[in-house]
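# Understanding the architecture of this molecule
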Amino acid sequence: MESMVRVENVAHAFGEETVLKDIHLSIPKGEIFGLLGPSGAGKTTLVKVMVGILEVDQGEAWVKGVQMPSLEQMKVIGYMAQSDALYSELSARENLDFFGAVYELKPKERKERMKAVMDVVGLIDHMDKPVHKYSGGMKRRLSLAIALLHEPDVLILDEPTVGIDPMLRQSIWDELKSLQKKGTTIIVTTHVMDEAEKCDRLAMMRDGYLIATGTPQQLREQTNSETIEGAFLVYGGERE
Amino acid sequence: MNIQALIIRILRQFKRDKRSLALMIMAPLLVLTLMWLVFEGDRYEPSIAVVDVPQPFVDALEEQDASVEEMSEEEAMEALEDVELDAMLSMDQQKLSITLEGSDPSTNQAVKMTLQNAMKTLSPPSNQMDLSFSYLHGSEDLGLFDNVGPVLIGFFVFFFVFIIGGVSFLRERTQGTLERLLSTPLKRSEIVSGYVLGFGIFTLLQSLIIAAYSIYVLGMWMEGSFWYVLLITFLLAMTALTLGTLLSAYASNEFQMIQFIPLVIVPQVFFSGLFSLETMAPWLRGIGQIMPLTYGADALRDIMIRGKGFEHFQTDVYILIGFAILFYVLNIVALKKHRKL
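Residues numbered from 1 in each chain as written. Chains lettered and ligands numbered in written order. Predicted model: local features only at pLDDT ≥ 70, side-chain atom pairs only at ≥ 80, totals over all residues. Heavy atoms only, no water.

### With respect to the interface of chain A and chain B
Rules: The contact criterion used is simple: two residues touch if any of their non-hydrogen atoms lie within 4.5 Å. Buried area adds together the accessible area that both of two parts lose upon being put together, with accessible area traced by a 1.4 Å probe. One speaks of a salt bridge when a side-chain nitrogen belonging to Lys or Arg is within 4 Å of a carboxyl oxygen belonging to Asp or Glu.
Contact with chain A, which involves 34 residues of that partner, is made by 26 residues of chain B. Counting each side, the surface lost to burial between chain A and chain B is near 2800 Å², with a carbon and sulfur contribution of 61%. It is Leu71, Tyr87 and Glu89 of chain A that lose the most area in chain A upon contact with chain B, and together they represent 22% of the buried surface on that side. On inspection of chain A and its partner chain B, the count reaches 5 salt bridges.

Here is the structure:
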């Protein structure tokens, strides 16, 4: 199958500290791909390499056949960072309007998309509230809405459901599944195990290494574990 | 289109952040008003005690708007000790002798002036050298406030734009929106340009208000064109903005941004002509040459006090533009740290 996102032989260090080593990944179109691992494993760094905002010491990242970073390819990526990158003094509408304009959506289309994405994340009634009055979970949802705004082919979400209640988390995953049906490739980092189960394929990370890749079922079978959490503990244990 | 989005966003942020807005506009007006109140008082009238001084001279002194009191020498010395008097004038074997309190140079100057003027009216004009002063620029009405005013306008514009510009770019980085912007198709140059233009529109307004207030409300000395003043303050603001955003890359929080004030802002005050540097070693004076405020202040003085035309201060204009472009380019280069493209 055509690979949408490809990472080849990536290694990176911040000063003395090595954060990524020997990473190879290939993610086909229309897949929901999960990056699993404890904090500090290098998930965010790897995601930034795919987005094109981190220049690595070694290796390459490709999106839709174009090597990153590429301004042209950034248009097909929707990125939701781990920290909510929002302008807190502005309202949700103004934040959306700004990012919509940056992605060069025409005013009419922009308005429609703004409504559509706010509907998905359940914030349509809080459109004109300034963001500093939002709760943590609401900010998370607004960040997701912004990432969805320009209907990207590749959605890269760094811990999208932190601070979001189970009900809403469910509805967000429903939305991700329906985006997947439309052909969107989705990459999610998480350390919530039941979310990992919902991914088509998973990559487990630890100390900058990709320690295992496969479907949730494969990972469970290979380690004789009943849950992903069990598999994770087995893989984690091997390195110590 | 992209840059426009950034400009609109920055202006909207200003609209929401009323406090920063007030800081950039009201604070300079307030401080300028305070300076005006301090410097623009009426000329000081010294109080002088006279001890056995002939009556005609006492009359002449009183005509000079000095407060004159006849005292005995002991009384006068005591009053001088208590700083109730500025000077004591006594007659000592046909010679006038004067004792000054002496701790404040400007008071000393005022006493000397008063005495000289009194002498002039007293002696027959024929055997007195008649000094008349003519002024190439300014006049005898040019006060201290008029002299430092142009520098102050430049300084306040520079200072507040530096802080607000630097801090808002820093916050863009700390709140993660800079990284978010770099994950969009925005070019690095577009991000910096958006900042420069968004703030540019705003600083234009700020410069307009500060200059108009100083000149038309506080009555600061103004010989030249108002538009030239606006041009220079705008260029200073652009230099301050680009320098502020550039230095914000080397600060990891707002507090560290404030730490640049004693390093970057305060030295400029000393070297920009607020104080005379005539007696300083030439190589030390050279330090002023690398400071944007030096050129801004120089041009503003040329325009406001000396009423000069563009050809006289154009070098300052070009140097300020040069500074702004240099910092602008360095900003784009500094962003390379975050994204190669």
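### Let's talk about the nonpolar core
Inclusion rule: What we call a nonpolar core is a set of buried Ala, Val, Leu, Ile, Met, Phe, Trp, Tyr and Cys residues that are connected through their side-chain atoms within 4.5 Å. Throughout, exposure labels follow a simple rule: accessible area from a 1.4 Å probe, protein chains only, divided by the maximum for the residue type, with under 20% read as buried, over 50% as exposed, and the rest as partly exposed. Strands here mean DSSP runs of E at least two residues long; helices mean DSSP runs of H or I at least four residues long; both are numbered from the N terminus.
Leu96, Met118 and Leu142 of chain A together with Phe162 of chain B are the most contacted members of the largest nonpolar core, which totals 158 residues. With 17 residues, the top contributor of residues to this core is helix α6 (residues 144–174) of chain B. Ignoring any residue separated from it by four or fewer positions in sequence, one finds Met118 of chain A in contact with Ala92, Leu96, Leu123, Ile124, Met127, Tyr134, Leu142 and Ala145 of chain A. With 14 residues, the next largest nonpolar core counts Leu61, Ala66, Val68 and Leu89 of chain B among its residues.

### A look at the UniProt feature "domain: ABC transporter" (unreviewed entry) in chain A
Put simply, the rule reads: UniProt positions are given in the numbering used here, feature names are shortened, and annotations may be inferred rather than shown by experiment.
Following the UniProt record, one finds the feature "domain: ABC transporter" (unreviewed entry) at residues 5–232 of chain A. The distance from the first to the last C-alpha atom of residues 5–232 of chain A is 24 Å, and the span holds 37% helix and 27% strand.

### Structural notes on the domain arrangement of chain B
What counts, and what does not: Start and end points for every domain follow an automatic or database-based domain assignment.
When the domains of chain B are assigned, the result is domain 1 (47–135) and domain 2 (144–337). Put simply, the middle of domain 1 of chain B and the middle of domain 2 of chain B, counted by C-alpha atoms, are 47 Å apart.

### Examining the packing of aromatic side chains
Applied cut-off: Any Phe, Tyr or Trp ring, taking Trp's six-membered ring, that has another such ring centre within 6.5 Å forms a pair; planes under 30 degrees apart are called stacked, those over 60 apart edge-to-face, and the others tilted. Two limits define a charge over a ring: the Lys NZ or Arg CZ must be within 6 Å of the ring centre, and within 35 degrees of the ring normal.
Scanning the entire structure with this criterion turns up 18 aromatic pairs over all chains. With centroids separated by 5.6 Å and ring planes inclined at 80°, the aromatic side chains of Tyr87 of chain A and Phe98 of chain A adopt a geometry described as edge-to-face. Residue Tyr87 of chain A is found in the loop between β6 (77–80) and α3 (92–102), and its partner Phe98 of chain A is found in helix α3; the two are separated by 11 residues along the sequence. Neither residue differs from the other here; Tyr87 of chain A and Phe98 of chain A are each classed as buried. Taken together, a centroid distance of 5.0 Å and an interplanar angle of 80° make the contact between Phe159 of chain B and Phe160 of chain B edge-to-face. The two residues Phe159 of chain B and Phe160 of chain B agree in class, both being buried. In this structure, Arg9 of chain B packs its charged tip against the face of Tyr87 of chain A, placed 3.9 Å from the ring centre.

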